[in-house]
Amino acid sequence: MKLRSLQAAERAALSNAARLAPTCVALWAKNGSPSQPISQWRPSILVGGDFLSLPLPARPGRAGHARGDGDDGKEGEPHDGSSMWGQRFGGAPDRGGRAAAKRRLDASAAMDRRWAIPYRRRMTRTLFTHPGQALRLGIVMGLVAGGWAPNASDADAAEQPNVVLILVDDQGYYDLGCYGATEVRTPRIDALAGQGLRLTDYYAAAPICSPSRAGLLTGCYPRRVGNATWVHRPDSPSGLHPDERTLAELFHENGYATACVGKWHLGFHEPFLPRNQGFDHYYGLLHNLDRYEAVHFEEAGGVPLLRNGEVVARPADPATLTRLYTDEAIDWIERRTAERDGQPFFLYLPHTMLHNPLGVGEAFRGRSGWGEYGDAIEELDHHTGRLLDALDRLGIADETVVVFTSDNGRGPGRTPEQPIRGRKLSTLEGGIRVPAIVRGPGVPAGRTSDAVIHAMDWYPTLATLAGIEVPADRVIDGRDVSPLLLGESDAVPAAAASEALNGRVPLRRRWEPSAEWAADVPRNQYLDAFFYHGSQGALAAVRWRDWKLTLHPAPQLFNLRTDPGETEPVRDGEVLRKLRGMAVLFQEEMRLDARPAGRVEVRPADAGARLPRSLTDDLHVERDVTYVRRGDRTLEMDLFRPKDAWGARPAIVCVHGGGWANGSRANHAPLAQALAARGYVTATISYRLSGEAPFPAAIHDCKAAVRFLRANAGRYGIDPDRIGAIGLSAGGHLAALLATSGEDGELAGADGLAGHSDAIQVAVAMGAQTDLLSERVAAVSADEKRGGIWRQFLGGSQAEARGRYRLASPLERLDADDPPVLFITGERDDPSTRADRFRARAAELGIETDLVVLDGAPHPFLGRQGWFDEAVDAADQFFRRAFDEPDGPTEATRPRSPHSPSSSAELPE
């Protein structure tokens, strides 16, 4: 319907509605002219013969709105109520925003409380964007005038769109057909672009995962919400602060059902989890599936796939995730549509693909011309099409906003020839400029925009499309770009002049430029700039219009319109000064106004063993002692000794875990300190990890540490005949292997100390594997997903390198001369860590062994104070028996009260 005929139809409908009752509702043109465009009409109520014009909330200077450039009031100052609204109803309406889509305009006593209409924040120019909306409003208001009072929630449900936000992991800018890719076929996503708007200059919030997601879900630069640096790991104490209001919380507070299906990666402690960040439903992976997570979860069976806290599968299989996420998303939408009687929904679908390790379903392998990466893209396209088909089948496609984008650029190793340079982790364009497509009610089809849009803009924009006003209780960096999406503007309107519902949100940002920059950086230009942050959180570049200023290692200015590859710096002193001023102002803004990340206080009962300061103060410490050189590589140890323990003491070598591939000696520092406080000299050691040297390098280094302590026994006050070892997980395996390979030339290694023995007198192996020829190890080592650690350490699977597995197996090396071994394991750890076969064989040989199972403990039990204390007590008792030590600390070695005088004794030379 053309605009002119639509206006006529609406006017006729309103005229008919006005005849329904003496009190009626009509639309009155802004200046009394019916020829005014619909977008400029203002709703009015005819009460007692007078037209009462309702306020337009999104227009500058209206009641309750923050004021900015061009206003006669101060920013954030409410209107004084002198408007027509104030005259009739006694003041400005509540603008809190928490239940914006639910509020009503309740008539005053002058109207005899006979009727009420919902006060809709969408009574702005966007209300009349779609054909028929003004017509519906006229009819509804006419019925109201006749005595019918509509239910606010019913009206809201009819107007609020559903929102589906699809976020692909690590998809590069050119990696879709509609963005120029020829190696892959993406017909469904290309069609989505044809049905809506494709953005050519869209930026993720950061070039790396966690910060990018933080920016998307909060509408803020990652630095503002304390999540700008690297990624959250499973053992990280931090995450997205619970006080931040995510998009999900904003929608949930305004009547939406909400779900997150896919990869979270914004914190792993309870306060940071999706269901505590506004999502009713969660299904997916909290983590990545890369090597770090593989090591962390290896003994627990792998990274878990969760549904609302319950483990659905373990380990998660990358090849199934794209399909499973889509299945879950469709099922959730179907249930919401059937059960909630039209309640709108917000679905956030962050895919795990295309992150490494890549996983591709069998039906898509080998289909593309781009290897596994291209295959994964084609599978994503297929399942995106399934989701779109479900919206069509359910009859809700026309009332659903769909956004498709990526969290950052391509990962390493997948960079074909392309005009823009860079990849994930980089702030070159290829690392942070990504595809973005939006389709939805009122979004004209087949359009492309080169406006600079960024991930933070979705927050106020999607809120506007849903008729939700963003609450004014915090600063939001995103801009309301709905006029551009809806075809009303080719550019993002300046915040101070914007008539969009949330157009003025950026005016909440600090604006206090010094005299040095005030003339060069107008506020509207500053708010339109995009600030690039690197993967470590530092400000790296600024873009404004076509210009990009990179800041490191030296400022360079590029024109991205003529040089998207950033190959030829240009000279323009005026522009360079402007962008440099923006960078200075932004740094100051973040310094003053950044909010903290969420952080979990590590309590002794929950994580991270803590030792009393009085205990650690009573220890001598010598750090970074080089104990062996391997070519240009040096290996160090940290030594701890009780200050008041005189004479030669037993020594304990502490071997850290980490799957032979990760970790550091610092991991076992609390364990070494706790044992040192009980009278031992302890040494935490570094050793060559499997990534730099496979087996037997690690055991060579452990033996070198034992020989070093013997060779320097006099210097460190060690009894050379009483040396033991302790370790957890991979460190437990190495401790057990030390016990069973003493004076074994095959595993001795070379370090220049061949005259000293590498035999130990006792070992405590915690969470250790001792039978490397078992069926379990054979299965794990051959598993494509779980066995990478084993294959790297031992040069292949058990079937491929059986001789090396035999050489590394403590069970296979047991003989009657071996020392006592204590095994400590968690009740929830794999049964193989109880070393049943090892202990049975040791009993046959007359070797003392023992087993301690910690109630309820998982594999990494040293992370909780109670289990840590139990393990230290058990190890201490076992060491004392083996070393023929007294039953408890002597007076000289007993930890003293913090009020006892400290000793000035030094480590013996």
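Please read all numbers here as calculations on a predicted model, not as lab measurements.

Conventions used here
Residues numbered from 1 in each chain as written. Predicted model: local features only at pLDDT ≥ 70, side-chain atom pairs only at ≥ 80, totals over all residues. Heavy atoms only, no water. Helix = DSSP H or I, 4+ residues; strand = E, 2+ residues; numbered from the N terminus. Areas by Shrake-Rupley, 256 points an atom, 1.4 Å probe, with all protein chains shown as cover. Patch = residues over 30% accessible without salt bridge, like charges linked within 9 Å, V, L, I, M, F, W, Y side chains within 5 Å. Salt bridge = Lys/Arg side-chain N within 4 Å of Asp/Glu carboxyl O. Lys, Arg positive; Asp, Glu negative; His and termini not counted. Charge placed at Lys NZ, Arg CZ, Asp CG, Glu CD. Pairing = 2+ DSSP bridges. Axes fitted to C-alpha atoms, helices over the stretch in contact; angles between N-to-C directions. Contact = heavy atoms within 4.5 Å. Buried < 20%, exposed > 50% of the residue type's maximum accessible area, 1.4 Å probe, protein only. Polar contact = N/O pair within 3.5 Å; in protein donor to acceptor, adjacent residues only side chain to side chain. Left-handed = near helix turned anticlockwise from the far one by under 90°. Nonpolar A, V, L, I, M, F, W, Y, C, P; charged D, E, K, R; others polar. Phe/Tyr/Trp six-rings, centres within 6.5 Å; stacked < 30°, edge-to-face > 60°. Expected span 1.5 Å × (residues − 1). pLDDT = per-residue confidence, 0-100. Parallel < 35°, antiparallel > 145°, perpendicular 65-115°, else oblique.

A.B. asks: Any chance you could explain the overall build of the protein here in plain terms?
C.D. replies: Of regular secondary structure, the protein possesses 28 helices and 31 strands. Of the roughly 34600 Å² of accessible surface on the protein, a fraction of 48% belongs to carbon and sulfur atoms.

A.B. asks: When you look at a negative patch on the surface in this model, what are you seeing that I'm missing?
C.D. replies: A cluster of acidic residues, E827, D855, D869 and E870, forms a negative patch at the surface. Among the structural elements, E870 can be located in helix 28 (residues 865-883).

A.B. asks: In this structure, what is going on with the sheet that holds strand 20 (residues 539-544)? I would like to understand it.
C.D. replies: Strands in a sheet are paired, the pairing made by backbone hydrogen bonds, and the direction either parallel or antiparallel. Spatial ordering of the open sheet is given by 19-20-21-22, a layout of 4 strands whose pairing is antiparallel. This sheet does not close on itself; its edge strands, each paired only once, are strand 19 (530-533) and strand 22 (556-559). On average, adjacent strands in this sheet sit at an angle of 20° to one another, irrespective of strand direction. When strand 20 meets strand 21 (residues 547-550), the two strands line up antiparallel, connected through 4 bridges. Residue pairing for strand 21: R543 is matched across the bridge by K548. Contacts between helix 16 (residues 573-593) and the sheet are confined to strand 19, strand 20, strand 21 and strand 22, with strand 20 contributing the most and set at about 125° to the helix.

A.B. asks: Where do I start with unusual backbone geometry in this structure?
C.D. replies: Keep in mind that most residues, glycine aside, have a negative phi and that most peptide bonds are trans. Residue P315 follows R314 across a cis peptide bond; omega there is 0°. Along the chain, P315 falls in the loop between strand 13 (310-313) and helix 9 (318-339). Residue P696 is reached from F695 by a cis peptide bond, and omega for that bond is 15°. Here D624, not a glycine, exhibits a phi torsion of approximately 55°, which is positive. With respect to the helices and strands, the residue D624 is situated in strand 24 (residues 619-630).

A.B. asks: Please clarify how the pairing of strand 20 should be interpreted in this entry.
C.D. replies: Regular strands place side chains that alternate from one sheet face to the opposite one. Of all 6 residues in strand 20, 6 are buried, a share of seventy percent or more. The sheet contact formed by strand 19 and strand 20 spans 4 bridges and is antiparallel. Paired with Y532 across the two strands is A541, which belongs to strand 20. Adjacent in sequence and paired antiparallel, strand 19 and strand 20 are bridged by 5 residues, among which G537 carries a positive phi angle near 95°.

A.B. asks: Would you take a moment to explain the environment of N308 for this structure?
C.D. replies: Structurally, N308 can be placed in the loop between strand 12 (305-307) and strand 13. Classification of N308 by relative accessible area gives partly exposed; the value is 26%. Sequence separation between N308 and R275 is 33 residues; the distance between their C-alpha atoms is 7.7 Å. Side chain to side chain, N308 and H281 meet in a polar contact 3.2 Å long.

A.B. asks: Honestly, the sheet that holds strand 30 (residues 821-826) in this entry has me stumped. Any pointers?
C.D. replies: Taken in spatial order, the 8 strands of this open sheet run 24-25-27-26-28-29-30-31, and their pairing is mixed. Both outer strands of the open sheet, strand 24 and strand 31 (849-854), are each paired with one neighbouring strand and no more. Strand-to-strand twist across the sheet, computed as the mean angle between neighbouring axes with direction ignored, equals 20°. As defined by bridge partners, strand 24 adjoins strand 25 (residues 633-642) across 9 bridges and the pair is classed as antiparallel. What sits directly across from T626, in strand 25, is E636. Packed on one face of the sheet, helix 19 (residues 697-711) meets strand 24, strand 25, strand 26 (649-655), strand 27 (681-685) and strand 28 (718-728) and runs near 125° to strand 24. Sheet contacts for helix 27 (residues 836-845): strand 30 and strand 31; angle to strand 31, the most-contacted strand, approximately 155°.

A.B. asks: Teacher, can you tell me more about the packing of helix 19 against helix 21 (residues 730-740) here?
C.D. replies: Geometrically, a packed helix pair is captured by the angle between its two axes and the distance between the axes. Relative orientation of the contacting elements helix 19 and helix 21 amounts to 65°, with a least axis distance of 10 Å. When the axes of helix 19 and helix 21 are compared, the crossing they make is right-handed. Counted together, A698, I699, C702, K703 and V706 of helix 19 and L734, L737 and L738 of helix 21 form the full contact between these two elements. In terms of residue class, the contact of helix 19 with helix 21 is built from 7 nonpolar, no polar and 1 charged.

A.B. asks: Is there a simple way to think about the packing of aromatic side chains in this case?
C.D. replies: Any pair of aromatic rings gets described here by the distance separating the centres and the angle formed by the planes. Overall, the coordinates contain 29 aromatic pairs when judged by the stated rule. Where F279 meets F346, the ring centres are 6.4 Å apart and the plane angle is 20°; that geometry is what we call stacked. Of this pair, F279 sits in the loop between strand 10 (257-261) and strand 11 (281-284) while F346 sits in strand 14 (residues 345-350), placing them 67 residues apart in sequence. Just as F279 is buried, F346 falls in that class too. Centre to centre, the rings of W370 and Y373 are 5.3 Å apart; their planes meet at 90°, and the pair counts as edge-to-face.

A.B. asks: Sorry, what's going on with helix 19 here?
C.D. replies: Because each turn of an α-helix spans 3.6 residues, side chains separated by three or four positions end up pointing in the same direction. For helix 19, built from 15 residues, the straight-helix expectation of 21 Å at 1.5 Å per residue is met to within 8% by its first-to-last C-alpha distance of 21 Å. Of all 15 residues that make up helix 19, 14 are buried, and the element is covered over most of its length.

A.B. asks: Would you take a moment to explain the pairing of strand 10 for this structure?
C.D. replies: Among the 5 residues in strand 10, 5 count as buried, and that is most of the element. Across the two faces of strand 10 the burial is the same, with A257, A259 and V261 and T258 and C260 all buried. Taken together, the 4 bridges between strand 10 and strand 14 define a ladder with parallel strand orientation. Across the sheet, residue A259 finds its bridge partner in strand 14, namely L347. Here strand 10 runs beside strand 11; their pairing, made up of 3 bridges, is parallel. Opposite C260, over in strand 11, you have Y282 as the bridge partner.

A.B. asks: Just checking my understanding: could you explain the pattern of salt bridges for this structure?
C.D. replies: Oppositely charged side chains are able to pair whenever their charged atoms sit close together. Under the definition given, this model contains 58 salt bridges. Note that R224 is salt-bridged to E589, the shortest N-O span being 2.5 Å. Taken together, the residues span a long stretch of sequence, with R224 in the loop between helix 6 (209-218) and strand 9 (238-239) and E589 in helix 16 at a distance of 365 residues. The burial state of R224 is the same as that of E589; both residues are buried. Taking the shortest distance from any N to any O, the salt bridge between D771 and R837 comes out at 2.7 Å. Residue D771 is located in the loop between strand 29 (762-766) and helix 23 (775-782), and its partner R837 is located in helix 27; the two are separated by 66 residues in the primary sequence. Given a relative accessible area of 56%, R837 falls into the exposed group. Here the salt bridges share partners, and the residues they tie into one network are D201, E429, R433, D450, R543, D546, K548, R561 and E566.

A.B. asks: Can you walk me through the confidence of the model for the protein in this structure?
C.D. replies: Atom-level detail of predicted coordinates should not be read off regions where pLDDT is low. Predicted confidence across the protein gives a mean pLDDT of 80, with 78% of residues reaching 70 or more. Contacts for the low-pLDDT stretch residues 603-607, under 50 throughout, to residues beyond four places or in other chains number 11 contacts. Under a pLDDT of 50 for its full length, residues 888-909 has, in the predicted model, 34 contacts with residues more than four places off or in other chains.

A.B. asks: Looking at this structure, I do not really get the environment of V584. What am I missing?
C.D. replies: Here V584 shows up in helix 16. Its relative accessible area of 40% is what places V584 among the partly exposed residues. In sequence terms V584 and W517 are 67 residues apart; their C-alpha atoms lie 8.9 Å from each other.

A.B. asks: Could you clarify how one ought to interpret the packing of helix 5 (residues 187-194) against helix 10 (residues 371-393) in this entry?
C.D. replies: Following both chains from N to C, one finds helix 5 and helix 10 inclined at 50°, their axes separated by 7 Å at the closest point. Between helix 5 and helix 10, the crossing angle belongs to the class labelled oblique. Between helix 5 and helix 10, the contacting residues are P187, R188, I189 and L192 on the first element and D381, T384, G385, L388 and D389 on the second. Grouping the amino acids of the contact of helix 5 with helix 10 by side-chain chemistry returns 4 nonpolar, 2 polar and 3 charged.

A.B. asks: In this structure, what is going on with the environment of M582? I would like to understand it.
C.D. replies: In this fold, M582 is placed in helix 16. On the accessibility criterion, M582 (0% relative accessible area) is buried. In sequence terms M582 and W544 are 38 residues apart; their C-alpha atoms lie 9.3 Å from each other.

A.B. asks: What is the right way to look at the side chain of E328 in this model?
C.D. replies: On the secondary structure map, E328 appears in helix 9. Only 2.8 Å separates the side chain of E328 from the side chain of R307, close enough to count as a polar contact. Excluding anything up to four places from it in sequence, E328 contacts V261, H281, Y283 and R307.

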